[in-house]
Amino acid sequence: MKSLPRLVVAAVLLAASAAGRAQTIADLPDDKFKSLVEKAALYAKALGAARTVQKSYDRYAAWVDIKTGPTGKERSIDGVPDIGALQEITDAAAKGPGMWPPLGGVDGMAQKLAQATTALAPLVKDASAYYAQRQYKNDGAKRGQELHGQMLPLFEQFFSAELALRREFSAVFEDIERRYLAQVDKEHGKNYEWHLRSFLLAAKTLADLLPNHADAAMIEGARFRARFANLQAASTLFTQYCVEHPAEVQKAVVAEGKKDGAADLGRPLQPGHVANER
């Protein structure tokens, strides 16, 4: 019998692995699921902190020629914002791998991201001070060229580690969110909370495909179109539900206004908690 192509076999194995992981998370006892959520929250904070590096790089790339480095004669020299210690990334690498459950790919990528951060942060700090003090005017941007040559490969290393962690973690996050959706559906039906979380999950899976810095690779078209279609479908259902249930929507909006709802939308519900109950 003719064997299947390697790519087909790999795709089947990957799909089976994802299905098995989702099934496992869906069946976890509440205490184990809570442990998973706590670990996931740690990694989510690390990924949030990584945006600081993206913003610093993008501001730097906005005025300097990335290929040749600074000359000191640019029309506008906007420097390099310091990224600080990024303690959330350090904490995730130090604590996350020892927390239950072991997540081989995620745990390993979190440690690589911390290593990249440790190497990059001191150079960005030096570069930030160099430009803030306008030292490039005294040395003809010689030190700026040195820093550029040192920072660029470390920026690339950081972004590669961040992207790998984000993609590894995204699959776990999606399975967690789907368990919450199933919980909401079981206890309250497909109510406002269900549609809101479904829409946010679809939006997040699409956002995960977006470049993580100015010079990142192009988005894969087929994956983007599929996830955009999912977001459109979730948006249509959410909008329709809001039109058909105005009283429930108003109640939910009022409830959100009484707490810090903006921060809450970006993280999973705590186990056993379902907002906006009927």
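All of the points below concern the structure found in this document.

What counts, and at which threshold
- Residues numbered from 1 in each chain as written.
- Predicted model: local features only at pLDDT ≥ 70, side-chain atom pairs only at ≥ 80, totals over all residues.
- Heavy atoms only, no water.
- Helix = DSSP H or I, 4+ residues; strand = E, 2+ residues; numbered from the N terminus.
- Buried < 20%, exposed > 50% of the residue type's maximum accessible area, 1.4 Å probe, protein only.
- Contact = heavy atoms within 4.5 Å.
- Areas by Shrake-Rupley, 256 points an atom, 1.4 Å probe, with all protein chains shown as cover.
- Core = buried A, V, L, I, M, F, W, Y, C linked by side-chain atoms within 4.5 Å.
- Salt bridge = Lys/Arg side-chain N within 4 Å of Asp/Glu carboxyl O.
- Phe/Tyr/Trp six-rings, centres within 6.5 Å; stacked < 30°, edge-to-face > 60°.
- Lys NZ or Arg CZ within 6 Å of the ring centre and 35° of its normal.
- Polar contact = N/O pair within 3.5 Å; in protein donor to acceptor, adjacent residues only side chain to side chain.

What to know about the overall build of the protein chain
Then step 1. When helices and strands are counted, the protein chain shows 10 helices and zero strands.
Then step 2. Per-residue burial for the protein chain yields a buried fraction of 40% across its 278 residues.
Then step 3. Considering only contacts within the protein chain whose residues lie at least 6 apart along the sequence, 79% involve residues at least 24 apart.
Then step 4. Accessible area of the protein chain: about 15700 Å², with a carbon and sulfur share of 57%.

Some remarks on the environment of leucine 42
Then step 1. Note that leucine 42 resides in helix H2 (residues 30-61).
Then step 2. Taking the C-alpha atoms as reference, leucine 42 lies 5.6 Å from alanine 92; in sequence the two are 50 residues apart.
Then step 3. Apart from the residues within four sequence positions on either side, leucine 42 is in contact with Asp91, Ala92, Lys95, Gly96 and Met99.

Here we look at the environment of aspartate 126
Then step 1. By secondary structure assignment, the location of aspartate 126 is in helix H4 (residues 104-132).
Then step 2. Taking the C-alpha atoms as reference points, aspartate 126 and glycine 144, 18 residues apart in sequence, are found 9.8 Å from one another.
Then step 3. In contact with aspartate 126, other than residues within four places in its own chain, are Arg143 and Leu147.

Section: unusual backbone geometry
Then step 1. The peptide bond linking tryptophan 100 to proline 101 adopts the cis configuration, its omega dihedral lying at 0 degrees.
Then step 2. Position of proline 101 among the secondary structure elements: in the loop between helix H3 (87-95) and H4.
Then step 3. Positive phi is not limited to glycine here, since arginine 134 has a value of about 55 degrees.
Then step 4. Here arginine 134 is to be found in the loop between H4 and helix H5 (136-139).
Then step 5. We note that alanine 141 has phi near 70 degrees; this positive angle belongs to a residue other than glycine.
Then step 6. Structurally, alanine 141 can be placed in the loop between H5 and helix H6 (142-188).

Comments concerning the nonpolar core
Then step 1. Counting residues in hydrophobic clusters, the biggest one holds 58 residues, and the most contacted among them are Ile89 and Phe158.
Then step 2. Counting residues per element, the ones that place at least two in this core are H2, H3, H4, H6 and helix H7 (192-207).
Then step 3. Of all the elements, H6 adds the most residues to this core, at 16 residues.
Then step 4. Discounting chain neighbours no more than four positions away, the residues touching isoleucine 89 are Ala46, Ala49, Ala50, Leu113, Ala114, Thr117 and Phe158.

Here we look at the pattern of salt bridges
Pairs may arise between side chains of opposite charge once their charged atoms sit close together.
Then step 1. Under the defined criterion, the tally for this structure stands at 10 salt bridges.
Then step 2. For the salt bridge of lysine 39 with aspartate 107, the shortest nitrogen-to-oxygen distance reads 3.1 Å. Residue lysine 39 is found in helix H2, and its partner aspartate 107 is found in helix H4; the two are separated by 68 residues along the sequence.
Then step 3. Beyond isolated ion pairs, a larger network of salt bridges with shared partners links Glu177, Glu193 and Arg197.

Let's talk about the packing of aromatic side chains
Then step 1. Summed over the entire model, instances satisfying the criterion amount to 14 aromatic pairs.
Then step 2. Measuring from ring centre to ring centre gives 6.0 Å for phenylalanine 199 and phenylalanine 238, while their planes differ by 35 degrees; the resulting arrangement is tilted. With a gap of 39 residues between them, phenylalanine 199 in helix H7 and phenylalanine 238 in helix H8 (residues 221-244) connect regions that are remote in the sequence.
Then step 3. The class of phenylalanine 199 is partly exposed, set by a relative accessible area of 24%.
Then step 4. Taken together, a centroid distance of 6.1 Å and an interplanar angle of 10 degrees make the contact between phenylalanine 224 and phenylalanine 228 stacked. With phenylalanine 224 and phenylalanine 228 both in helix H8, this residue pair falls four residues apart, about one helical turn.
Then step 5. Look at phenylalanine 228 and you get partly exposed, because its relative accessible area is 35%.
Then step 6. Within the aromatic cluster, the residues linked to one another by ring pairs are Tyr60, Trp63, Tyr130, Tyr131 and Tyr136.
Then step 7. A cation over an aromatic ring shows up here: lysine 32 above the ring of tryptophan 100, its NZ or CZ 4.8 Å from the ring centre.
Then step 8. Across from the ring centre of tryptophan 194, 5.1 Å away, lies the NZ or CZ of lysine 190, which sits over that ring.

Here we look at the side chain of aspartate 208
Then step 1. In this structure, aspartate 208 sits in the loop between H7 and H8.
Then step 2. Within the local environment of aspartate 208, its side chain forms a polar contact with the side chain of serine 170, the two groups lying 2.7 Å apart.
Then step 3. Here the side chain of aspartate 208 touches lysine 204 through a polar contact of 2.8 Å, side chain to side chain.
Then step 4. Excluding its chain neighbours within four sequence positions, the residues that come into contact with aspartate 208 are Arg166, Ser170 and Arg227.

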